Amino acid sequence: MRNPVPEKKSAARLIDWCIFCLQCLWYSGSNPRKLRLFFSVKPYTQLGYRRLANIYELAERLEKEGVKGDFVECGVWKGGAAAILAFQAARAKPPRKAWLIDSFAGMPEPTGQDGPMIGKMVNGRTEGRLHPVGINVASLEQVEKLLFGRFGFDRDKAVVVKGWFQEVLPGLSRRIGGIALLRIDADWYESTKVCLSYLYDSVVSAGYVIIDDYNLLPGCKNAVDEFMRERGLRVELTAIDREGVYFRKK
Ligand SMILES: C[S@@+](CC[C@H](N)C(=O)[O-])C[C@H]1O[C@@H](n2cnc3c(N)ncnc32)[C@H](O)[C@@H]1O
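Rules of the game
Residues numbered from 1 in each chain as written. Predicted model: local features only at pLDDT ≥ 70, side-chain atom pairs only at ≥ 80, totals over all residues. Heavy atoms only, no water. Near = heavy atom within 4 Å. Polar contact = N/O pair within 3.5 Å; in protein donor to acceptor, adjacent residues only side chain to side chain. Areas by Shrake-Rupley, 256 points an atom, 1.4 Å probe, with all protein chains shown as cover. 1 Å grid on protein atoms, 1.4 Å probe; cavity = no way out; pocket = protein on both sides within 12 Å on 5 of 7 lines; lining within 4 Å. Sits in = over half its atoms within 2 Å of the grid points. Nonpolar A, V, L, I, M, F, W, Y, C, P; charged D, E, K, R; others polar. Axes fitted to C-alpha atoms, helices over the stretch in contact; angles between N-to-C directions. Helix = DSSP H or I, 4+ residues; strand = E, 2+ residues; numbered from the N terminus. Parallel < 35°, antiparallel > 145°, perpendicular 65-115°, else oblique. Left-handed = near helix turned anticlockwise from the far one by under 90°. Contact = heavy atoms within 4.5 Å. Expected span 1.5 Å × (residues − 1). Buried < 20%, exposed > 50% of the residue type's maximum accessible area, 1.4 Å probe, protein only.

Peer 1: Report on the site of the ligand, specifying residues and quantitative values.
Peer 2: Taken together, 24 residues surround the ligand, and among them Thr45, Gln46, Gly75, Asp102 and Asp185 come closest. Between the ligand and the protein, one listed contact pairs a nitrogen atom with a backbone N or O atom of Gly75 at 2.8 Å. In this structure, Trp77 approaches the ligand through a main-chain N or O atom, which is 3.3 Å from an oxygen atom. Within the complex, 100% of the 590 Å² of free accessible area of the ligand lies under protein. More than half of the atoms belonging to the ligand lie within 2 Å of the grid points that define the largest cavity. Residue classes in the shell around the ligand are distributed as nine nonpolar, nine polar and six charged.

Written out as structure tokens, the structure reads:
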């Protein structure tokens, strides 16, 4: 959850773009296709270069190693990171599906587990109700325009699902088969926990799980740690940058 409420001020946005351009040129210079993709998704994502590259590269690794399964993103916002998942899913042989799930109404109420700073940010509305609080709002139409209009992805292969995770995942988890790459970018404790509860068991052996805000948001970290403890799982977390982590399922 980078800059959850206010859109970045124009000076901050400019600096963000400059850093992004430098990183793209520095790291992806030899891969113009990757570079073009990153530049086209940047206006539609809160992720910086490293986290975008992480999605792109883990997907490539899975393909190279022949790990079967679909790609899933929980927490799509304007669709920039989702476009990278859908791009890599479409290139796979045979093509994989990308399941892209969001309320498209923004964040629901957090809970006390998300800490006092988040509580303040939502003016004390911390009952965890599935009511939008006006943070990270992007519409389904916006995302469909990006994925199916601009990128031209096949609707059967990039499946966009609108709804609260708590309401759609119980049914959807039965429709999604094996998951090779699960990306959770859901910010709050409850949102993260529900994604793990319904989707972790579908992640195939050698599949990856990315937790976008593990080292930024205490609620997100608590949800992951608690889930691992409850299941008796021990995983080796790898840092993507200062905030995001990923691990490989044994
Ligand atoms: C930080 S944004 C995702 C950023 C995005 N992946 C990107 O590329 O910039 C978090 C998203 O999670 C969604 N979200 C959080 N909790 C949710 C829930 N319980 N059900 C559905 N969507 C949720 C919000 O609507 C929001 O779009």
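Peer 1: How would you summarise the packing of helix α2 (residues 32-41) against helix α3 (residues 49-64) if you had to cite specific residues and measurements?
Peer 2: Relative to each other, α2 and α3 sit at 125 degrees, their axes nearing to 11 Å. On the basis of their axis angle, the class for α2 and α3 is oblique. As for how α2 packs across α3, the hand of that crossing is right-handed. Across the interface between the two elements, Lys34, Leu37, Phe38 and Val41 from α2 touch Tyr49, Leu52, Ala53, Tyr56 and Glu57 from α3. Partitioned by chemical class, the residues of the contact of α2 with α3 number seven nonpolar, no polar and two charged.

Peer 1: So what about helix α9 (residues 218-231)? Which residues, and what values?
Peer 2: Residues spaced three or four apart along an α-helix point in a common direction, a consequence of the helix completing one turn every 3.6 residues. Over its 14 residues, α9 extends 20 Å from the first C-alpha to the last, a length consistent with the 20 Å expected when each residue adds 1.5 Å. Those residues of α9 that fall on the buried side of the exposure criterion are Gly219, Cys220, Ala223, Val224, Glu226, Phe227 and Met228. On its buried face, α9 sits against α8 (189-199), β5 (203-211) and β7 (245-248). One or two steps after α9, the chain reaches Gly232, where phi turns positive at roughly 65 degrees.

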